[in-house]
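# Fold and contact review
Residues per chain, in single letters:
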Amino acid sequence: KSVANAVAVDMALGGSSNTVLHLPAVFREAKLPLSLEIFDEISRKTPNLCQLSPAGSAHIEDLHAAGGIPAVMAELLAGDLIHGTALSVTGKTVGENLLEIQAKIHGPEVIHPLSEPYSEEGGIAILKGSLAPEGAVVKQFAVLPSMMTRTVTARVFDSEEEAVEAILGGKIRPGDGIIVRYEGPRGGPGMREMLTPTSALAGMGLDSEVALITDGRFSGGSGGAAIGHVSPEAADKGPIGVVRDGDKILIDIPARKLDLLIDNAELAKRLMDFTPKTKELASPFLRRYAKEVTSASTGAVYED
């Protein structure tokens with residue numbers, strides 16, 4: 001119940017895509033399963049009540065002045081969207097805590113009521129398909145309507161730096177889908193936040209026309225059609241590793257789809273012939289990490 005509450009609040013706030021890494025990792029340490037499905041299941045029934053920067057003009061201090069997290073939780077509890085009976089660290093239930101502090105919205109322009117949400121669904125969506133069989137993550141509340149369903153043309157880069165150089169060099173056009181691979185847990189190694197390419201797209205005025213799809217992850221400051229955590233990653237022989245320049249990719253966020261639009265036989269052949277690139281790593285720690293880390297879809301934890 002507590003984890004479901006946490007996910008619901010995250011969805012109402014507009015969410016951080018990094019939550020989809022952290023919670024499964026915490027649960028793995030507790031020997032408890034937590035699949036990506038819980039995020040999508042709760043997002044579909046939890047309305048987005050806040051639009052904080054970069055999706056909106058409000059910032060965290062505005063959220064605090066409007067009633068903060070307790071006000072968001074009280075609104076969700078009123079709609080039976082969180083579990084008021086969940087025990088908290090105070091020794092009381094969530095419902096008792098909210099009643100005790102008389103939590104309520106003080107700034108409806110920052111925290112919308114359930115009757116007037118920014119959207120009927122929460123901030124995060126989990127996409128699956130032939131490009132991401134194990135899932136990918138998008139902060140859907142930060143995606144413009146024009147990019148919610150789109151077929152894009154792949155422009156493939158094997159590092160964040162290569163992608164940024166192409167963006168700033170004027171080599172990306174409206175309708176492109178930038179593929180940034182070998183930035184996942186194993187390929188990075190580690191998952192750098194792709195704030196630079198998303199910022200570069202915005203600076204070039206392309207964030208409303210270009211998608212960015214990566215096996216890496218994004219910062220909370222990223223906006224636009226930024227799809228991360230594509231799993232399996234390229235370094236783990238995932239389909240993102242065999243995407244070629246000019247391939248068409250279907251992004252359908254409402255339908256939760258991310259598909260590489262080539263036929264199954266061609267995809268199977270590419271995967272059979274595919275040998276992932278490897279990086280020379282001077283650090284023994286990073287060599288060990290790259291060898292033992294698991295997919296982002298399971299929290300990027302070590303193998304048992």
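Note: the structure precedes this text.
Attention here is on the structure that accompanies the text. The model shown is predicted, which means the values in this text are computed figures rather than measured ones.

## What to know about the pattern of salt bridges
Applying the stated criterion across every chain yields a total of 21 salt bridges. D259 is the salt-bridge partner of K257, the closest N and O atoms lying 3.8 Å from each other. The network of salt bridges with common partners includes D40, R44, E121 and R256.

## Concerning the nonpolar core
In this structure, F39, C50, V72 and I111 are the most contacted members of the largest nonpolar core, which totals 36 residues. When contributions to this core are tallied by element, the ones reaching two or more residues are α1 (2–13), α2 (19–29), α3 (37–45), α5 (68–78), α6 (94–100) and β1 (124–129). Setting aside its immediate chain neighbours within four residues, I111 contacts L49, C50, L63, A66, G67, G68, A71, V72 and I105. Counting 32 residues, the second-largest nonpolar core is a separate cluster that includes L131, V143, M148 and L267.

## Considering the layout of surface pockets
If you add up the space inside the largest pocket, you get close to 220 Å³. As for the largest pocket, its lining consists of 16 residues, and the residues nearest its centre are L13, G15, L52, S53 and F141. For the lining of the largest pocket, the secondary structure elements donating two or more residues are α1 and α4 (60–65). Class assignment for the residues of the lining of the largest pocket results in eight nonpolar, six polar and two charged.

## Brief notes about helix α8 (residues 195–203)
When we look at burial in α8, the residues that qualify are P197, T198, A200 and L201. Angularly, the buried residues of α8 cover 160 degrees about the axis, an arc narrow enough to put them on a single face. Looking at the packing, one finds that the buried side of α8 touches α7 (160–168), β4 (176–180), β5 (211–214) and β6 (226–231). Directly beyond the C-terminal end of α8, a positive phi value near 75 degrees is found at G205.

Procedures and definitions
- Residues numbered from 1 in each chain as written.
- Predicted model: local features only at pLDDT ≥ 70, side-chain atom pairs only at ≥ 80, totals over all residues.
- Heavy atoms only, no water.
- Salt bridge = Lys/Arg side-chain N within 4 Å of Asp/Glu carboxyl O.
- Core = buried A, V, L, I, M, F, W, Y, C linked by side-chain atoms within 4.5 Å.
- Buried < 20%, exposed > 50% of the residue type's maximum accessible area, 1.4 Å probe, protein only.
- Helix = DSSP H or I, 4+ residues; strand = E, 2+ residues; numbered from the N terminus.
- Contact = heavy atoms within 4.5 Å.
- 1 Å grid on protein atoms, 1.4 Å probe; cavity = no way out; pocket = protein on both sides within 12 Å on 5 of 7 lines; lining within 4 Å.
- Points joined across faces, edges and corners; volume = space filled by probe spheres on them.
- Nonpolar A, V, L, I, M, F, W, Y, C, P; charged D, E, K, R; others polar.
- Arc of directions from axis to C-beta.

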